[in-house]
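Descriptive analysis of the structure
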Amino acid sequence: MTDLTELQAGLLARIDAAQDIAALEAVRVEALGKSGSISEMLKGLGKMSPDERREQGPKINGLRDAVASAIAEKKAALETAELDRKLAAERVDLSLPPAPQRRGRVHPTMQVLDEMIAVFADMGFALAEGPDIEDDFHNFTALNFPPKHPAREMHDTFWLREDEAGERKLLRTHTSPVQIRTMRTANEKLPAWIANGQEPPIRVIVPGRVYRSDSDATHTPMFHQLEGLVIDRNIHMGHLKWTLDAFTRRFFETDAVVTRFRPHHFPFTEPSCEMDVQCDRSGGSIKIGQGSDWLEILGGGMVHPNVLRNCGLDPDEWQGFAFGMGVDRLGSLKYGMPDLRDMFGSDVRWLEHWGFSAFQAPNSSTGLS
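What you see is a predicted model; the values in this text were computed from it and never measured.

This brings us to the pattern of salt bridges. One pass over the full model with this rule turns up 15 salt bridges. In this structure, Asp-132 and Arg-172 form a salt bridge, with 3.4 Å as the shortest nitrogen-oxygen distance. Taken together, the residues span a long stretch of sequence, with Asp-132 in the loop between strand E1 (126-127) and strand E2 (133-134) and Arg-172 in the loop between strand E4 (168-171) and helix H7 (176-187) at a distance of 40 residues. For Asp-132, a relative accessible area of 26% translates into the label partly exposed. Across the salt bridge formed by Glu-317 and Arg-233, the nearest N and O atoms sit 2.5 Å from each other. Separated by 84 residues along the polypeptide, Glu-317 in the loop between helix H9 (305-310) and strand E11 (319-326) and Arg-233 in the loop between strand E6 (222-232) and helix H8 (237-251) bring together distant segments of the chain.

Structure (C-alpha cells):
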C-alpha cells in the first residue's frame, strides 16, 4: 500500500509540474503506456492468487484512474493556457483588404440578348420560342425556299440522319421557323365547343440559337439570332423602318445613329432590304453613330405572300414585316469585341474582362448597359 501511495504521489506531482503537452505526454507514457509502471502492475494481477488479486486489484485500478484523471485535467489546462497565449500574442488587422474572391459574370451574349428583349418589350412585342431541331417544312419550305436553294445543301446546313419515317431533320439555320409556328398556331381554328381560334394581329420577337456550317472571325457554327414578326392589316415598309430605327437608337444608346436601307433578296420577304448603320472605322475599331462609313447589321422586309398562304393567312387581308439580326455580332459592335469566336472559347479570363454584373439587369428606364 505504501509503495502505491508513494508512486501515486510522485506521478501526481510530476503531472502538476509539467510545463507543456510534451512533458505531460512523457509522464503518461511512463505510467500508462504499454510498458508503463502502472500497466506492468495490471499485467501482474494475473499471476497473483485470488486473495491477493481481490486485495491489490482495486488499489491498482484506483491508482490508474487517479493518474489518468489528473493527466486529462492537466492537459485541458495546458491547452487552455496555450490558446490564451496565442490569443494574447496574435492580432487581426481589420484595416487589411479581404482576400479576392472570384464572382460569376453574365456572358456578353446573354447581356446583349436581355438588352434587345428589353427594347422590343417596350414596343409591345411578345416572346416566342421553338425547337432547335427542325424539319424541312418549317425551316425551308414554308419560308418559300425553292427545292434547290443553296441553303439546303450540306455545306450550309447541319442535317441529321434519317429517322424511322425516312425524314431528315436539321439544326435550324435561323429562328424564322418559330415565326411559321406562331402564325400557323394563331390561325388554327379550334372546334367550336373548345374555343374560337386566335387570329392576328401578331407581334413577336424570336431569340435563340441557330446553326450554320461556317467559321471565321465574324462567323461561328453556332450563334444567337433574334427575329421579329408583325402581322396585321395595312402594314407597310414604313412601319418596319420606324421599328428598326427606334431599336438601333435605343440599343446603341445614342440618338446619333444614322441608318440606311438597301434593296436585297430573301426568299421569305418581298420586298426585302438590308439595313446599314453609319460608323467610323478609323483607329482599328468601329464606332457607331459617327464617321462616314457604313456597316450592314440586319435584314428584313415585308412577309412574302407565299409565306402567309403557307400559314393559312390571306395575303389580301393580312400583311406584315419580319426582320432578323445576329445577337453576338451586335454585341461585338456595341462593346468592341473583335472576334466572335472568343465568345464561345470558354476562357474565364475573357469572361472576367467582358462579363457583366448579374445584379444589373438591362432596363430601358435606368439604362441598358
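Below, the discussion takes up the sheet that holds strand E3 (residues 159-162). Taken in spatial order, the three strands make up an open sheet running E2-E4-E3, and their pairing is antiparallel. Edge positions in the sheet fall to E2 and E3, since each of these pairs with one other strand and no more. Relative to E4, E2 runs antiparallel, the two being bridged by two bridges. Along E4, the bridge assignment pairs Glu-134 with Leu-170.

In this structure, Met-116, Phe-120, Phe-247, Met-325 and Leu-330 are the most contacted members of the largest nonpolar core, which totals 42 residues. Elements represented by at least two residues in this core include exactly helix H5 (108-122), E6, H8, strand E8 (269-280), strand E10 (293-303), E11 and helix H10 (327-335). Once residues lying within four places of it in the same chain are set aside, the contact partners of Phe-247 are Met-116, Val-119, Phe-120, Met-123, Met-325 and Leu-330. Listed in part, the 26 residues of the second largest apolar core include Phe-140, Trp-159, Ile-202 and Trp-318.

Cut-offs applied
- Residues numbered from 1 in each chain as written.
- Predicted model: local features only at pLDDT ≥ 70, side-chain atom pairs only at ≥ 80, totals over all residues.
- Heavy atoms only, no water.
- Salt bridge = Lys/Arg side-chain N within 4 Å of Asp/Glu carboxyl O.
- Helix = DSSP H or I, 4+ residues; strand = E, 2+ residues; numbered from the N terminus.
- Buried < 20%, exposed > 50% of the residue type's maximum accessible area, 1.4 Å probe, protein only.
- Pairing = 2+ DSSP bridges.
- Core = buried A, V, L, I, M, F, W, Y, C linked by side-chain atoms within 4.5 Å.
- Contact = heavy atoms within 4.5 Å.

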